Amino acid sequence: MGNALGQLARRLGRFIPAGALRHVGGPAALFFHGVERQTLDTRVQLNHHDAEMFARIADTLRRDFDVRPLADIDRVLADPAAYPRAVFLMSDDGYANTLTVAADLLEGLPWTLFVSSAHIGSGLPSPVFVARLFYLYAPAGTYHLPHLPPSLRLAGAAEREAAADAGIDALRALPAGQAEETVAAMRAAFAGDSLDRLLARFTSEHFLDWNGVRALKARGVEIGAHADTHWPMHEKQSDAWLLQQTAGARARIEAETGPCRFFAYPFGNTPDIGPKAWRAVEAAGFSHAFTTLSGSLSAGGNRFLLPRYGIGPHDTHLASLVPLLGAGNRRLRAFQQRLAG
Ligand SMILES: [Zn+2]
């Protein structure tokens, strides 16, 4: 539901000519995750753009926008009207394919990579990816997972997909410690090395190692933090855990790759960020942080709760879509005000 405005913009943007919108446009932050040349199972590899489609998106960014390095963010936030076509491009999580596929397609464009430090070079998969594999691939049967509704039946494909969506939503709402226990129970549902083989097969979900992050930095990519473990930073999380996600992630990234000023919240929507989260980000010394609420970049507001639009798999019409993002600003402001108190 949180993406309703983004979806509306996505639909409207297809039908409104870009020229008609230019005067209402404003600067925006846009993000993607990964880019793949081939996909095995779109139910699992939801986060990745098709390389051919992504190349068209990159062309649009070059042709129709003023794509800027994130170092310009303060200048743009101070006077958005002076930068109506400014775009900050970002990639979340730190997938290996950002180096092997996306970086070439984005040659010449500045962009920022937000990495979840605990996953870089460790072989630790994203918890939500493990959960998705469980719902879609665990042996058929009835399961009793800790901290989730008492009984779960997995059988047919449609049932599994519905269970995945509902189950992952419920999992996301848990405190990190409980979610870890639930994900451990999901892993235990797989016999022998069957989970390891699945994890190995979906190379799209493999993270970079630190050498890969440094290689991207050497190509001009700005490195930001996407927390330590890829998990929501809502109000059920403890102060100590939030400290690790912010100051801990920053210290690790700085030790590996140098200065790290920018932060992006995992999942990043209204249920995933609490009032303590943005304060922890500020206290850790970051200068700006990005949500996944749709909106345009405007003056004022909380620079630790900035809007960002997730580029959809078929969003080749960004020139008419991005100018509509300001429609989300009212909801963004309400969220910022709620989290200020
Ligand atoms: Zn993420």
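Conventions we followed
- Residues numbered from 1 in each chain as written.
- Predicted model: local features only at pLDDT ≥ 70, side-chain atom pairs only at ≥ 80, totals over all residues.
- Heavy atoms only, no water.
- Helix = DSSP H or I, 4+ residues; strand = E, 2+ residues; numbered from the N terminus.
- Buried < 20%, exposed > 50% of the residue type's maximum accessible area, 1.4 Å probe, protein only.
- Contact = heavy atoms within 4.5 Å.
- Areas by Shrake-Rupley, 256 points an atom, 1.4 Å probe, with all protein chains shown as cover.
- Pairing = 2+ DSSP bridges.
- Right-handed = clockwise from strand over helix to strand, strands pointing away.
- 1 Å grid on protein atoms, 1.4 Å probe; cavity = no way out; pocket = protein on both sides within 12 Å on 5 of 7 lines; lining within 4 Å.
- Points joined across faces, edges and corners; volume = space filled by probe spheres on them.
- Nonpolar A, V, L, I, M, F, W, Y, C, P; charged D, E, K, R; others polar.
- Core = buried A, V, L, I, M, F, W, Y, C linked by side-chain atoms within 4.5 Å.
- Lys, Arg positive; Asp, Glu negative; His and termini not counted.
- Salt bridge = Lys/Arg side-chain N within 4 Å of Asp/Glu carboxyl O.
- Polar contact = N/O pair within 3.5 Å; in protein donor to acceptor, adjacent residues only side chain to side chain.
- Donors = N, O, S within 2.8 Å, 3.2 Å for Na, K, Ca; no water.
- Axes fitted to C-alpha atoms, helices over the stretch in contact; angles between N-to-C directions.
- Parallel < 35°, antiparallel > 145°, perpendicular 65-115°, else oblique.
- Left-handed = near helix turned anticlockwise from the far one by under 90°.

Chemist: What am I meant to see in the overall build of the protein chain here?
Modeler: In terms of regular secondary structure, the protein chain is built from 14 helices and 12 strands. Once the C-alpha set of the protein chain is aligned to its principal axes, its extents read approximately 60 × 40 × 40 Å. Here the protein chain, with 341 residues, has 55% of them falling under the buried criterion. In the protein chain, the share of contacts with a sequence separation of at least 24, taken over all contacts with a separation of at least 6, comes to 73%. Counting only carbon and sulfur atoms, one obtains 55% of the accessible surface of the protein chain, whose full area is about 14,200 Å².

Chemist: Is there a simple way to think about the pairing of strand 6 (residues 112-115) in this case?
Modeler: Taken residue by residue, a regular strand's side chains alternate between the two faces of the sheet. Burial along strand 6 is two-sided: Thr112 and Phe114 and Leu113 and Val115, pointing in opposite directions, are all buried. Pairing analysis gives four bridges linking strand 5 (residues 86-93) to strand 6, with the strands arranged parallel. What sits directly across from Met90, in strand 6, is Thr112. Of the crossover connections in this fold, the one passing from strand 5 over helix 5 (residues 97-105) to the parallel strand 6 is right-handed.

Chemist: Looking at this structure, I do not really get the layout of surface pockets. What am I missing?
Modeler: A probe matching the size of a water molecule, rolled over the atoms, marks out where space remains unfilled. Estimated volume of the second largest pocket: approximately 250 Å³. As for the second largest pocket, its lining consists of 14 residues, and the residues nearest its centre are Leu124, Pro127, Glu180, Val183 and Thr229. It is helix 8 (residues 176-188) that contributes the most residues to the lining of the second largest pocket, six residues altogether. In terms of residue class, the lining of the second largest pocket is built from 10 nonpolar, two polar and two charged.

Chemist: How do you make sense of the nonpolar core when you look at a structure like this?
Modeler: One recurring pattern in soluble globular proteins is that nonpolar side chains are buried together. Within the largest apolar cluster, 93 residues are counted, with the highest numbers of intra-cluster contacts made by Leu30, Leu61, Phe134, Tyr135 and Tyr265. Leave out the neighbours within four places in its chain, and Tyr265 touches His226, Met233, Ile273, Ala277, Trp278, Val281, Ala289, Phe290, Thr291, Phe304 and Leu305. Leu70, Leu77, Ala264 and Phe290 belong to the second largest nonpolar core, which has 16 residues in total.

Chemist: What is the right way to read the side chain of Arg308 from this model?
Modeler: Looking at the secondary structure, you find Arg308 in the loop between strand 11 (288-290) and strand 12 (309-310). Residue Arg308 is classed as buried on the basis of its relative accessible area of 0%. Residue contacts for Arg308: discarding those within four places in its chain leaves Ala29, Leu30, Phe31, Met90, Asp92, Phe114, Ala264, Phe290, Thr291, Thr292, Leu293 and Ser294.

Chemist: What is the right way to look at the side chain of Glu205 in this model?
Modeler: Relative to the helices and strands, Glu205 is located in the loop between helix 9 (194-201) and helix 10 (210-218). Of the side chains bearing the opposite charge, Arg132 lies closest to the buried Glu205, which forms no salt bridge; the N-O distance is 8.1 Å. A polar contact of 2.6 Å, which involves the side chain of Glu205, links it to the side chain of Ser204. In this view, Glu205 contacts Val44, Gln45, His48, Tyr95 and Phe129; residues no more than four positions away in its chain are not counted.

Chemist: Would you mind going over empty space enclosed by the protein with me for this structure?
Modeler: As enumerated under the stated definition, the model contains two cavities of 30 Å³ or more in all. Considering only enclosed or pocket space, the second largest cavity measures out at about 40 Å³ in volume. As for the second largest cavity, its lining consists of Ser296, Ser298, Gly300, Gly301, Asn302, Leu306, Pro307, Leu332, Arg333 and Gln336. The residue inventory of the lining of the second largest cavity, partitioned by class, reads three nonpolar, six polar and one charged.

Chemist: Would you take a moment to explain the coordination of the zinc ion for this structure?
Modeler: The textbook angles at a metal center are 109.5 degrees for a tetrahedron of four donors and 90 or 180 degrees for an octahedron of six. Bound to the zinc ion are the protein donor atoms Asp93 (OD), His226 (NE2) and His230 (NE2), situated 2.0 to 2.2 Å from the metal. Along the chain, the residues that donate to the zinc ion are spaced as D-x132-H-x3-H.

Chemist: Hey, could you run me through the packing of helix 11 (residues 239-257) against helix 12 (residues 275-283) in this one?
Modeler: What describes two packed helices is the angle between their axes and the distance between those same axes. The contact between helix 11 and helix 12 brings their axes to 9 Å, and the two run at 45 degrees. Judged by the inter-axis angle, helix 11 sits oblique to helix 12. Note that helix 11 runs across helix 12; the crossing there is right-handed. Across from Asp239, Leu242 and Thr246 in helix 11, the residues of helix 12 making contact are Lys276, Ala277, Ala280 and Val281. Along the lines of polarity and charge, the residues of the contact of helix 11 with helix 12 split into four nonpolar, one polar and two charged.

Chemist: Hey, could you run me through the pattern of salt bridges in this one?
Modeler: Note that side chains of opposite charge can pair when their charged atoms are close. Evaluated as defined, the whole model comprises 17 salt bridges. Taking the shortest distance from any N to any O, the salt bridge between Asp72 and Arg68 comes out at 2.9 Å. Beyond isolated ion pairs, a larger network of salt bridges with shared partners links Asp66, Arg68, Asp72 and Arg75.

Chemist: Please clarify how the pairing of strand 5 should be interpreted in this entry.
Modeler: Most of strand 5 sits out of view: eight of its eight residues are buried. Where strand 1 (residues 28-32) meets strand 5, five bridges bridge the pair, whose relative direction is parallel. Within the sheet, the bridge partner assigned to Ala28 lies in strand 5 and is Val87. The pairing of strand 4 (residues 66-67) with strand 5 spans two bridges and is classified as parallel. Considered in strand 5, the bridge of Val67 is made with Val87.

That's the geometry; what it means functionally is another story.
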